Amino acid sequence: MKFTQRYLGVATIVTLVATIVLGLWVTPPATQAQGGDLARLLYIHPAIAWVALYVSFGTTTVASALYLWRRTRSMVMDRIAYCAMEVSVVYIILTLITGSIWGRPTWGVWWAWDARLTSTAILLVLALGYLALRRANDDPEIRARRSAVFGILIALNVPVIHYSVLWWKTLHQGPTLLTPGQIAVHGSMLWTMLLSFFAFTFQFFWLLRARYRVEEQATQARGIEQADAIAARQREGA
Amino acid sequence: MNYVIAGYAFTFGGTALYAAVIWWQGRRGRH
């Protein structure tokens, strides 16, 4: 396991450094119509959004569904879903911040109540609600069941965010890479953008692994504390 | 270019800060 974590760490650092170098210095600035130097934000913002919406919520949804399914029910699934949601919150916040930094010079405002931005902000509130829900009950099984159901319900917002730019008139541009029938980004810009998707995906799983290990440690510590408390009570009674 | 630098700084600073928090929690858990 340590072996996997080490290689995941190396892959993360190498691809992230390559993304920064290629994104800031190697790729040419885009044309003025495409945003000039601002287009360099395309090497981070879509990749972070990809991790926030699809990779981390996908992980939470699959782990939650596996927890709810009797045959695969285990606290491991519950912990994975919880840790993925926590990491997801970080990426959703970064998605909103980098989107806002892009929006100010492009649209003239830091924030607009546009369908894509608003639905992403709602996702952040729901994800924070999930983390709050986990603190609402100390019984691990009740907590895991409620969290799994809520985690799956929150994920229903993800397709709404994805299609928001197509369903409603929004300030946010349409899909950059997935424009039906054509690829809107070319050459070194396209390769750098694709690399950034790998880099942030590696980073997500690296952070998830590390966060999972800490959660596992905390669970073991709580178990030892409970066993100590029970033993102390038994000694008092004897 | 200032907006670009700000975007990269928030992204890499933010994830580095979160990684540091995880590392610190892990360290505290071991003691």
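Residues numbered from 1 in each chain as written. Chains lettered and ligands numbered in written order. Predicted model: local features only at pLDDT ≥ 70, side-chain atom pairs only at ≥ 80, totals over all residues.

1. Observations regarding the overall build of chain A
Right, on to step 1. Across its full length, chain A holds seven helices and zero strands.
Right, on to step 2. Mapped in sequence order, the helices and strands of chain A form the string α-α-α-α-α-α-α.
Right, on to step 3. Counting across all 238 residues of chain A, residues that qualify as buried make up 33%.
Right, on to step 4. For chain A, contacts bridging at least 24 residues in sequence account for 77% of all contacts bridging at least 6. (Helix = DSSP H or I, 4+ residues; strand = E, 2+ residues; numbered from the N terminus. Buried ≥ 20, exposed ≤ 12 C-beta atoms within 10 Å, placed from the backbone. Contact = placed C-beta atoms within 7 Å.)

2. Observations concerning the interface of chain A and chain B
Right, on to step 1. Each partner contributes to the interface: chain A provides 24 residues, whereas chain B provides 16 residues.
Right, on to step 2. The set of elements that each furnish at least two residues to the side of chain A that touches chain B consists of helix H1 (2–26), helix H3 (75–107) and helix H7 (187–237) of chain A.
Right, on to step 3. No other element matches the nine residues that H7 of chain A contributes to the side of chain A that touches chain B.
Right, on to step 4. Taken together, the residues that form the side of chain A that touches chain B break down as 16 nonpolar, three polar and five charged. (Nonpolar A, V, L, I, M, F, W, Y, C, P; charged D, E, K, R; others polar.)

3. Let's talk about the packing of helix H2 (residues 45–68) of chain A against H3 of chain A
All names here are of chain A.
Right, on to step 1. Running from amino to carboxyl end, H2 crosses H3 at an angle of 160°, the nearest separation of the two axes being 8 Å. Overall, the two elements H2 and H3 adopt an arrangement that is roughly antiparallel. Crossing handedness for the pair H2 and H3: left-handed.
Right, on to step 2. Residue composition of the contact of H2 with H3, by class: 18 nonpolar, nine polar and one charged. (Axes fitted to C-alpha atoms, helices over the stretch in contact; angles between N-to-C directions. Parallel < 35°, antiparallel > 145°, perpendicular 65-115°, else oblique. Left-handed = near helix turned anticlockwise from the far one by under 90°.)

4. Observations concerning the environment of Arg-71 of chain A
Right, on to step 1. Locating Arg-71 of chain A in the fold gives a position in the loop between H2 and H3.
Right, on to step 2. Counting along the chain gives 153 residues from Arg-71 of chain A to Ile-224 of chain A, while the straight-line C-alpha distance between them is 28 Å.

5. Examining the confidence of the model for chain B
Right, on to step 1. Looking at chain B, the pLDDT average stands at 90 and 94% of residues meet or exceed 70.
Right, on to step 2. The ipTM, which scores confidence in the relative placement of chains, is 0.92 for this predicted complex, and the corresponding pTM is 0.88. (pLDDT = per-residue confidence, 0-100.)

6. Re the nonpolar core
Right, on to step 1. Grouped together as the largest cluster of nonpolar side chains are 55 residues, with contacts concentrated most on Ile-48 and Ala-81 of chain A.
Right, on to step 2. With 14 residues, the single largest contributor to this core is H3 of chain A.
Right, on to step 3. Among residues more than four places away in sequence, those in contact with Ile-48 of chain A are Tyr-91, Leu-94, Thr-95, Thr-98 and Phe-200 of chain A together with Thr-11 of chain B. (Core = buried A, V, L, I, M, F, W, Y, C linked by C-beta atoms within 7 Å.)

7. Some thoughts on H3 of chain A
Right, on to step 1. For H3 of chain A, which comprises 33 residues, the first-to-last C-alpha distance of 46 Å matches the rise-based estimate of 48 Å (1.5 Å per residue) to within 8%.
Right, on to step 2. Gly-108 of chain A sits one or two positions beyond H3 of chain A and adopts a positive phi of about 90°. (Expected span 1.5 Å × (residues − 1).)

8. Observations concerning the packing of helix H4 (residues 115–134) of chain A against helix H6 (residues 157–167) of chain A
All names here are of chain A.
Right, on to step 1. At a minimum axis distance of 8 Å, the contact between H4 and H6 shows a crossing angle of 165°. By the criterion of interaxial angle, the relationship of H4 to H6 is roughly antiparallel. Remark: the crossing between H4 and H6 carries left-handed chirality. Judged by residue contacts, Ala-115, Arg-116, Ser-119, Thr-120, Ile-122, Leu-123 and Leu-126 of H4 engage Asn-157, Val-160, Ile-161, Ser-164 and Val-165 from H6.
Right, on to step 2. Taken together, the residues that form the contact of H4 with H6 break down as seven nonpolar, four polar and one charged.

9. What about helix H5 (residues 140–155) of chain A?
All names here are of chain A.
Right, on to step 1. Between its first and last C-alpha atoms H5 spans 22 Å; for 16 residues at 1.5 Å apiece the expected length is 22 Å, and the two agree.
Right, on to step 2. Every buried residue of H5 is accounted for by Ala-144, Ser-147, Ala-148, Gly-151 and Ile-154. Viewed along the axis of H5, the buried residues span an arc of 135°, placing them on a single side of the element. For H5, the exposed residues set more than 90 degrees away from the buried face come down to Glu-141 and Ile-142.
Right, on to step 3. Buried-residue contacts for H5 involve H2, H3, H4 and H6. (Arc of directions from axis to C-beta.)

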